[in-house]
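Reading the structure
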Amino acid sequence: GSLMMMWRALPSVARNSIATFSSLSNASSNGLNRAASSKDMDPRVWDDTSNLERQKRRMLHRSRQTGWLETDHLLGTFAAEKLPTMNAEQVQMYSQLLQEETPNLYRWITDSEPIPRHLDNPTVHEVKKWVLSREPKKGGEGNQ
């Protein structure tokens, strides 16, 4: 009755998607097509390359939108230059850095404060080294 009316009311694209999903679920639950039910059906492993590229784009955007002009410029430029060649582990370490509060982040990457233990990794040190190589030297600030 009402379930059949609801089914007919769905657009054909939705009905086809539901039917395809149902047939795949039934095949995997019946033991048919076991390879597809494990690795191929898991969306986290469909295409690791595209997931990594998507994460890199998110990190680039986040690097440019920290909320502080100084960190937007420093991290945005770093990310544009370095993210394309980073591997998944490096991207994960960089992502951890970007989750921190902007004032703290700025102090750590400009060497005003030591990097905390939970962020003490090669990628964060690379960011800091890169930033320090571009920062104007902090000498004679009070002599002007």
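Some thoughts on the overall build of the protein
Counting secondary structure elements, the protein contains 8 helices and 0 strands. Each helix and strand of the protein, ordered N terminal to C terminal, gives the series α-α-α-α-α-α-α-α. Burial status across the protein gives 28% buried among its 144 residues. Partitioning the contacts of the protein with sequence separation of at least 6, the portion at a separation of at least 24 is 50%. Total accessible area computed for the protein in this model is approximately 10100 Å², and 54% of it derives from carbon and sulfur atoms.

Some thoughts on the packing of helix α5 (residues 69–82) against helix α7 (residues 102–109)
Packed helices, taken two at a time, are described by the angle their axes make and the gap between the axes. Here α5 crosses α7 at 55 degrees, and the two axes come no closer than 10 Å. Our classification of the angle between α5 and α7 gives oblique. Relative to α7, α5 is oriented so that their crossing is left-handed. Here α5 contributes E70, T71, L74 and L75 to the contact with α7, which in turn contributes T102, L105, Y106 and I109. Tallied by class, the residues present in the contact of α5 with α7 amount to 5 nonpolar, 2 polar and 1 charged.

Here we look at the pattern of salt bridges
Within the structure shown, the criterion is met by 5 salt bridges. Between R107 and E113 there is a salt bridge, with its nearest N and O atoms 2.9 Å apart. For R107, a relative accessible area of 28% gives the class partly exposed. Using a relative accessible area of 32% as the deciding quantity, one classes E113 as partly exposed.

Thoughts on the packing of aromatic side chains
Summed over the entire model, instances satisfying the criterion amount to 3 aromatic pairs. Summarising the aromatic geometry, the rings of W68 and Y106 are spaced 5.8 Å apart at their centres and angled 50 degrees between planes, so their arrangement reads as tilted. On the criterion of sequence distance, the pair formed by W68 in the loop between α4 (48–64) and α5 and Y106 in helix α7 is long-range, its members being 38 residues apart. Y106 gets classed as partly exposed once you look at its relative accessible area, which sits at 21%. Taking the centre distance of 5.5 Å and the plane angle of 75 degrees together, the rings of F78 and W130 count as edge-to-face. With a gap of 52 residues between them, F78 in helix α5 and W130 in helix α8 (residues 122–134) connect regions that are remote in the sequence. Among the aromatic residues, those joined into a cluster by ring pairs are F78, Y94 and W130.

Considerations on unusual backbone geometry
Positive phi, normally seen in glycine, also occurs at D111, with a value near 65 degrees. With respect to the element layout, D111 can be found in the loop between α7 and α8.

Overview of the side chain of T71
With respect to the secondary-structure elements, T71 resides in helix α5. Judged by relative accessible area, which is 0%, T71 ranks as buried. There is a polar contact of 3.2 Å between the side chain of T71 and the backbone oxygen of W68. The residues touching T71, leaving out its near neighbours within four places in the chain, are S63, T66, G76, T102 and Y106.

Quick notes on the rules
- Residues numbered from 1 in each chain as written.
- Predicted model: local features only at pLDDT ≥ 70, side-chain atom pairs only at ≥ 80, totals over all residues.
- Heavy atoms only, no water.
- Helix = DSSP H or I, 4+ residues; strand = E, 2+ residues; numbered from the N terminus.
- Buried < 20%, exposed > 50% of the residue type's maximum accessible area, 1.4 Å probe, protein only.
- Contact = heavy atoms within 4.5 Å.
- Areas by Shrake-Rupley, 256 points an atom, 1.4 Å probe, with all protein chains shown as cover.
- Axes fitted to C-alpha atoms, helices over the stretch in contact; angles between N-to-C directions.
- Parallel < 35°, antiparallel > 145°, perpendicular 65-115°, else oblique.
- Left-handed = near helix turned anticlockwise from the far one by under 90°.
- Nonpolar A, V, L, I, M, F, W, Y, C, P; charged D, E, K, R; others polar.
- Salt bridge = Lys/Arg side-chain N within 4 Å of Asp/Glu carboxyl O.
- Phe/Tyr/Trp six-rings, centres within 6.5 Å; stacked < 30°, edge-to-face > 60°.
- Polar contact = N/O pair within 3.5 Å; in protein donor to acceptor, adjacent residues only side chain to side chain.

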